[in-house]
Structure formats: structure tokens, C-alpha cells
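These are the residues of each chain, in order.
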Amino acid sequence: MNRNLIRALLFAWQYPEFRTGLQQVVDLDEVTALLAALSTESGDHERERRAVDLLRSALDTPEVRQAVLLLVETDRIRREIVAAVAEELPDRPALVVAIAAALDDPQVRTDLRAALETPRLRALLLRAAEDGVRERRLALIGEVLGLLARHRTARRLVWSLHRHGILRALRR
């Protein structure tokens, strides 16, 4: 975790809805596994897999979804998250600018909320994230195409991200 992300989480801690959401993530085994994975510098994507697993179980509760959305809906927290992304991607400035622009757009945040509130879409998004972490490119492409074909909410979110140049920056 970099210092900007930690600052964002500390600021978010001031909000009761964030604390309430985190209290819903009570599976200490999952949290322990994630912390163990975060503490290592392995190149096998174990940290990312653990984070996706924890996110999958946590996002099933409305309180956690609210806490996650608070991270992008609050200006100060959002700025810290963008700074954390910039620190992690120093060689991808176009992607950082695109992410910052997308997160500042209220329509993107609305589309993100709608995506997270749709159970089937949320499950497909998490499967796509898992396929990306496991570097299963064909499965990832299949999941993304399935999302776009079946969910209008996904199409709106992708279009919003496209408008801000995220898709173009990801291809580079």
C-alpha cells in the first residue's frame, strides 16, 4: 500500500458509513490472508488474487458497497486515490490522467454505483477482474463481451470510461 492510499483510507475512516461498511468485513481469515499477501513482494499476483477474493465476499453486503463507493464519491478521498494510482503507474501518465478524469465525472460514479448494485453484473465484473489477475486473456475477453452483451449498465459504464480515454490508455 502506498502512502496516498493510506491517507485516503484514514480520511474515509472519519465517515460513519465507511466504518460501518468495514465492520461488515468480519471474516478474519480472509483479512489475514490478504494482509499476508500484501506483506510479500511475490511476482505471482497472489496479492491481487486475495484482494479480488476479499472484494467478492465483501461487496455482497450493501454497507460495504456504500463504503467502497464513498471512496470515489468524496472529493478529498478521490484525490488521494488518484495520487496513489499515479504513484503506482509512473510510466503510464496518460492512464493516470484518464482515471482521474473518469473519477471526477459524476456520470461515471453514477454508472459505477449502478454496476455495483446489480448482483449479476457485480459477479461478472469480479470474474473479469479475476481473469485479468490470473492473466487469462481469452477468458477475460469472453467475460467482457458477455458483460457488454447482457448488461446495459455495463455498456454505459464502458462508454463513460471510453469518453475519458481509459480504454485507449489501457491499450498502450
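Definitions and limits used
Residues numbered from 1 in each chain as written. Predicted model: local features only at pLDDT ≥ 70, side-chain atom pairs only at ≥ 80, totals over all residues. Heavy atoms only, no water. Helix = DSSP H or I, 4+ residues; strand = E, 2+ residues; numbered from the N terminus. Buried < 20%, exposed > 50% of the residue type's maximum accessible area, 1.4 Å probe, protein only. Contact = heavy atoms within 4.5 Å. Areas by Shrake-Rupley, 256 points an atom, 1.4 Å probe, with all protein chains shown as cover. Patch = residues over 30% accessible without salt bridge, like charges linked within 9 Å, V, L, I, M, F, W, Y side chains within 5 Å. Salt bridge = Lys/Arg side-chain N within 4 Å of Asp/Glu carboxyl O. Axes fitted to C-alpha atoms, helices over the stretch in contact; angles between N-to-C directions. Parallel < 35°, antiparallel > 145°, perpendicular 65-115°, else oblique. Left-handed = near helix turned anticlockwise from the far one by under 90°. Expected span 1.5 Å × (residues − 1).

K.L.:
I'm lost on the overall build of the protein chain in this one. Help?
P.N.:
Within the protein chain one finds twelve helices and zero strands. The secondary structure elements of the protein chain, listed N-terminal to C-terminal, are α-α-α-α-α-α-α-α-α-α-α-α. Across the 172 residues in the protein chain, those meeting the buried criterion constitute 35%. Across the protein chain, the fraction of contacts at a sequence separation of at least 24, relative to all contacts at a separation of at least 6, is 67%. Looking at the protein chain as shown, the accessible area adds up to about 10200 Å², and 59% of this sits on carbon and sulfur atoms.

K.L.:
What should I look at first to understand a nonpolar patch on the surface in this one?
P.N.:
On the surface, Leu138, Ile141 and Leu145 cluster together into a nonpolar patch covering about 350 Å² of accessible area. Its place among the elements puts leucine 145 in helix α10 (residues 137-150). Relative accessible area serves as the criterion here: at 53%, leucine 145 is assigned to the exposed category.

K.L.:
Please clarify how the pattern of salt bridges should be interpreted in this entry.
P.N.:
Should their charged atoms come close, side chains of opposite charge can pair. Applying the stated criterion across every chain, the model contains six salt bridges. Between glutamate 117 and arginine 65 there is a salt bridge, with the nearest N and O atoms lying 3.3 Å from each other. Here arginine 65 lies in helix α5 (residues 62-73) and glutamate 117 lies in helix α8 (residues 106-117), a separation of 52 residues in the sequence. Judged by its relative accessible area of 35%, glutamate 117 falls in the partly exposed class.

K.L.:
I would appreciate a short explanation of the packing of helix α2 (residues 16-23) against α5 in the present structure.
P.N.:
Working note: a packed helix pair is described by the angle between its axes plus the distance between those axes. Running from N to C, α2 and α5 point in directions that differ by 135°, and their axes come no closer than 7 Å. One finds that α2 runs oblique with respect to α5. Seen from above, α2 lies across α5 with left-handed handedness. On α5, the residues touching Glu17, Phe18, Thr20 and Gly21 of α2 are Glu63, Val64, Ala67, Leu70 and Leu71.

K.L.:
Would you mind showing me how to read the side chain of threonine 153 here?
P.N.:
Structurally, the position occupied by threonine 153 is in helix α11 (residues 152-163). When its relative accessible area of 16% is taken as the criterion, threonine 153 is described as buried. Beyond its immediate stretch of four places on either side in the chain, threonine 153 contacts Asp111, Ala114, Ala115 and Leu121.

K.L.:
How should I be thinking about α5 in this particular structure?
P.N.:
An α-helix turns once every 3.6 residues. As a result, residues three or four positions apart point the same way. Spanning twelve residues, α5 covers 16 Å between terminal C-alpha atoms, matching the ideal 16 Å at 1.5 Å per step. Buried within α5 are the following residues: Val64, Arg65, Ala67, Leu69, Leu70, Leu71 and Val72.

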